[in-house]
Structure formats: structure tokens, C-alpha cells
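Understanding the architecture of this molecule
Letter by letter, the chains look like this.
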Amino acid sequence: MKQVLIVGAGFAGINAAKRLRNVPGVAVTLLDRENHHLFQPLLYQVAMAALSPADIAVPIRSLFAHVRNVRVLKAEAQRVDVDGRTVVTDCGEFKYDYLLLASGSQHAYFGHEEWERNAPGLKTLPQATEIRRRVLEAFEAAERDQNLEARRRHLTFVVVGGGPTGVELAGAIGEMSRYTLARDFRSIDPRQTRVILIEAGPRILPTFDEKRRSRWCRRRQREGRCSDSSVGSGGTRFRRRSHARRSARFGRARQGRTRSDDTRASRSLRAR
Ligand SMILES: Cc1cc2nc3c(=O)[nH]c(=O)nc-3n(C[C@H](O)[C@H](O)[C@H](O)COP(=O)(O)OP(=O)(O)OC[C@H]3O[C@@H](n4cnc5c(N)ncnc54)[C@H](O)[C@@H]3O)c2cc1C
């Protein structure tokens, strides 16, 4: 029996294990430091309190519950002993015949590590909930503050990086302020929120085709919220939202919940 060891149950690790399921003569051990697989593309929705963490995380164990040749273990890989064909983890050593390292990547601050204190990365659930806490706290601080200039500062969000995640995040802050929170406050109008999207390159969404990119920009310009070097939005809406909605609907259906259950859940999340 060949021992295949997979480190990381992200998209890559899960798909590799699925390909190997029920393959004769192969025993798979799938290691991850977390007990859940995370759908990272929707992390920004958790960060903006539109989805709860449970909507985008699924227990790894449940994905392979009926697959006999895949064993799931929660452990953090620390070192690979290539000569000894062993992975050393925080809870023991695991031998392998074939090793698949699928432990993903880390966020980068382009040489400005000091920024992390002010702007946590967005790769894990704790980071998403921390961003959510800070954003909601900014609205609370603005509601408490009587000073207009201070209020304006609390309600100004700067997103650095005009790739898909930055654009999604900027859009989600706009949407949250324009729709979700619009009526929840008395002293401030969340619709006055400013979102500034900063991109060092000549254009945002550089990997998108020109047609889709300029359609997005034209829409923002019509709203008077787009300039060459920055895109501000007070309620950005774009196509990926429908993808998020579909996923949310899918998650709800699987868990036997309705949309109003989620609205209540979202309200209670915002209350935290
Ligand atoms: C906010 C955001 C939005 C995104 N949006 C999109 C999108 O719209 N479309 C798209 O195609 N892609 C998107 N991506 C990128 C996509 O999520 C990644 O390309 C994909 O998750 C990479 O998969 P992976 O399996 O290589 O790594 P990951 O999904 O990061 O999985 C790595 C796994 O390894 C585990 N791990 C790490 N280190 C260890 C260790 N030492 N020991 C044990 N386990 C370990 C982690 O817990 C994790 O489960 C987005 C990413 C982010 C962060």
C-alpha cells in the first residue's frame, strides 16, 4: 500500500484527495492545521458581515466521511525530512511514499510589514472577523463622536490594492454602508461613507479584460465616484455580488435555513 501524505486541505489538497479516493493500493492522509476547509473567495463577505463564518467553512472530515482510503488529521506540519520521507508535525511524525505540499500562500505587504498591524491580511476566518470588528467599530465610533471632522475620518475607508479582492472589498464596504447599515444609526448617515481604492499600477483590475474593467469604471464615474488614481464608492455594486448571493443561497439550502434566518444572524453578528 502506497502512503500519500497531503499537507493542506485547501482547494489543491481537497481536489488531490478526491482524485485519489478509492484508488486501489493507495492510502491517503490529509493533514491540515484547521479542522475546516475554507472557501477563501467569500472571506470578504464575512469581513463585511454579509455572511457568517459557517457559511464559508465546511468540516474537512465531513467531505471524506464516506471515503475509506482517505484519513483526515488535524496537525500542523513543521518540517519535512526528505531523506527519511517523513513530515514532522506538532503532534507527531508521518511517513510517506509520496508527499503533496498544498499549504497555500501567505499575504504580502510588498516590503511594508509594518502595515499588518493596521491592516490585517484576509486569508483566514480570524482575520476576516477582525476586519469585520474594526469596520463595525468605526461606524460605532462615528455615531458617538460629535466632532464632524472626526466623524468623517471614522467613515473614510482606504483599500490599498485594486486587484479583485481590493475591488470586492471596496464594493462590499460601499454596499454595507448604503444598504445594510443605512437605517441603523441616528447621528450619522452611513451613506456618507467614503471608500478610497488605491492602486499603484496604471489601472485597477489589471488581470481583467479591458471591456469588463472599463464597464465597472464607467459605472463608478457616472456615480461621480471614480477618478484616475483612486476609486471612491458609497455603494459599489458589480457582478461578483450575484456569485456571492448564489453561494449564500446554496449554503442556506444545505443547512436548511431561510434568508430571514440569515438576516437575523447578520444582525446579531453586527451586534457583536
Ligand atoms: C480574499 C480572497 C479572495 C479570493 N478570490 C478568488 C476568486 O474569486 N477566484 C479564485 O479563483 N481565487 C480566489 N482567491 C484565491 C484562492 O482562494 C486561492 O488561489 C486558493 O485558495 C489556493 O488554494 P490552495 O489549496 O493552494 O491554498 P489554500 O486554499 O490557502 O489552502 C491551504 C491549506 O493549507 C493549510 N495549511 C497551511 N499551512 C499548513 C501547515 N503548516 N500544516 C498544516 N496545514 C497547513 C491551511 O490551513 C489551508 O487549509 C481568493 C483568495 C483570497 C484570500
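Above this text sits the structure in question.
Residues numbered from 1 in each chain as written. Predicted model: local features only at pLDDT ≥ 70, side-chain atom pairs only at ≥ 80, totals over all residues. Heavy atoms only, no water.

Focus on the environment of I14
Note the following rule: A run of H or I in DSSP counts as a helix once it spans at least four residues, and a run of E counts as a strand once it spans at least two, with each numbered from the N terminus.
Structurally, I14 can be placed in helix α1 (residues 11-19). When the C-alpha atoms of I14 and I60 are compared, they prove to be 8.4 Å apart, with 46 residues separating the residues in sequence.

Structural notes on the pattern of salt bridges
One side chain can pair with another of opposite charge once the charged atoms of both are near each other. Our working definition: Criterion for a salt bridge: a side-chain nitrogen of Lys or Arg within 4 Å of a carboxyl oxygen of Asp or Glu. Think of it in three bands: with a 1.4 Å probe and only protein chains considered, a residue is buried below 20% of the maximum accessible area for its type, exposed above 50%, and partly exposed in between.
The full count for this structure, using the stated rule, is 6 salt bridges. Taking the shortest distance from any N to any O, the salt bridge between D189 and R191 comes out at 3.1 Å. Residue class for D189 comes out partly exposed when judged on its relative accessible area of 27%. A salt bridge links E210 to R203, with the shortest nitrogen-to-oxygen separation between them at 3.9 Å.

Considerations on the nonpolar core
The following threshold applies: By nonpolar core we mean a set of buried residues, namely Ala, Val, Leu, Ile, Met, Phe, Trp, Tyr and Cys, connected to one another through side-chain atoms within 4.5 Å. For the purposes of this description, domain bounds are those given by an automatic or database domain assignment. Pairs of residues are marked as contacts when any of their non-hydrogen atoms sit within 4.5 Å.
Counting 37 residues, the largest nonpolar core has M48, I56, L122, F139 and M176 as its most contacted members. It is helix α4 (residues 125-144) that contributes the most residues to this core, 8 residues altogether. Taken together, domain 1 (2-101) and domain 2 (113-271) each give at least three residues to this core, which thus spans both. Not counting chain neighbours up to four residues away, the residues in contact with M176 comprise M48, A49, V135, L136, F139, L181 and A182. Residues A9, A16, V26 and F64 belong to the second largest nonpolar core, which totals 14 residues.

A closer look at α1
Definition in use: Picture the helix axis, draw a direction to every C-beta atom, and the arc is the one those directions span.
Every buried residue of α1 is listed here: G13, I14, A16 and A17. The arc enclosing the buried residues of α1, seen along the axis, measures out at 165 degrees, which places them on a common side.

A closer look at the sheet that holds strand β8 (residues 92-95)
What counts is decided by this rule: At least two bridges found by DSSP between two strands are what make those strands a pair. Here an angle of 0 to 180 degrees is reported between the N-to-C directions of two axes, which are lines fitted to C-alpha atoms, with helices fitted over the stretch in contact.
Strand order in the open sheet formed by 3 strands is β6-β7-β8, with antiparallel pairing between adjacent strands. Only two strands of the sheet have a single partner each, and these edge strands are β6 (77-81) and β8. With direction set aside, neighbouring strand axes in the sheet form an average angle of 25 degrees. Pairing geometry for strand β7 (residues 86-89) and β8, over 4 bridges, is antiparallel. Each bridged residue has a counterpart across the sheet, and for T86 the counterpart in β8 is K95.

Here's the deal with the environment of R194
Structurally, R194 is set in strand β11 (residues 194-198). Residue R194 is classed as partly exposed on the basis of its relative accessible area of 35%.

Focus on the packing of aromatic side chains
To describe a pair of aromatic rings, one takes the distance between the centres and the angle between the planes. To keep it simple, the criterion reads: Here a Phe, Tyr or Trp ring, Trp counted by its six-membered ring, pairs with any other such ring whose centre lies within 6.5 Å, and the pair is stacked when the planes are under 30 degrees apart, edge-to-face when over 60, and tilted otherwise.
In the structure shown here, the tally under the stated rule is 3 aromatic pairs. Geometrically, the ring pair formed by F11 and F39 is edge-to-face, given 5.8 Å between the ring centres and 80 degrees between the ring planes. Of the two residues, F11 sits in helix α1 while F39 sits in the loop between β3 (36-38) and α2 (43-47), which places them 28 residues apart along the sequence. Judged by its relative accessible area of 41%, F11 is partly exposed. Residue classification places F39 among the partly exposed residues on the basis of a relative accessible area of 29%. Seen from their ring centres, F139 and F157 are 5.7 Å apart, and the 35 degrees between their planes marks the pair as tilted.

Examining helix α6 (residues 164-180)
Where burial is concerned, most of α6 is hidden: 12 out of the 17 residues are buried. Along α6, the residues classified as buried are G166, V167, E168, L169, A170, G171, A172, I173, G174, E175, M176 and S177.

Section: the side chain of R151
Spelled out, the test is: Charged residues are defined here as Lys and Arg on the positive side and Asp and Glu on the negative side; His and the ends of the chain fall outside this count. In protein, a polar contact requires one atom able to donate a hydrogen and another able to accept it; more generally it is a pair of N or O atoms within 3.5 Å, and residues adjacent in sequence count only if both atoms are side-chain atoms.
Inspection of the secondary structure assignment puts R151 in helix α5 (residues 148-154). For the buried R151, which has no salt bridge, the nearest side chain bearing the opposite charge is E143, at an N-O separation of 6.1 Å. A polar side-chain atom of R151 sits 2.8 Å from the main-chain carbonyl oxygen of D145. Apart from the residues lying within four places of it in its own chain, the contact partners of R151 are A142, E143, D145, Q146, S187 and I188.

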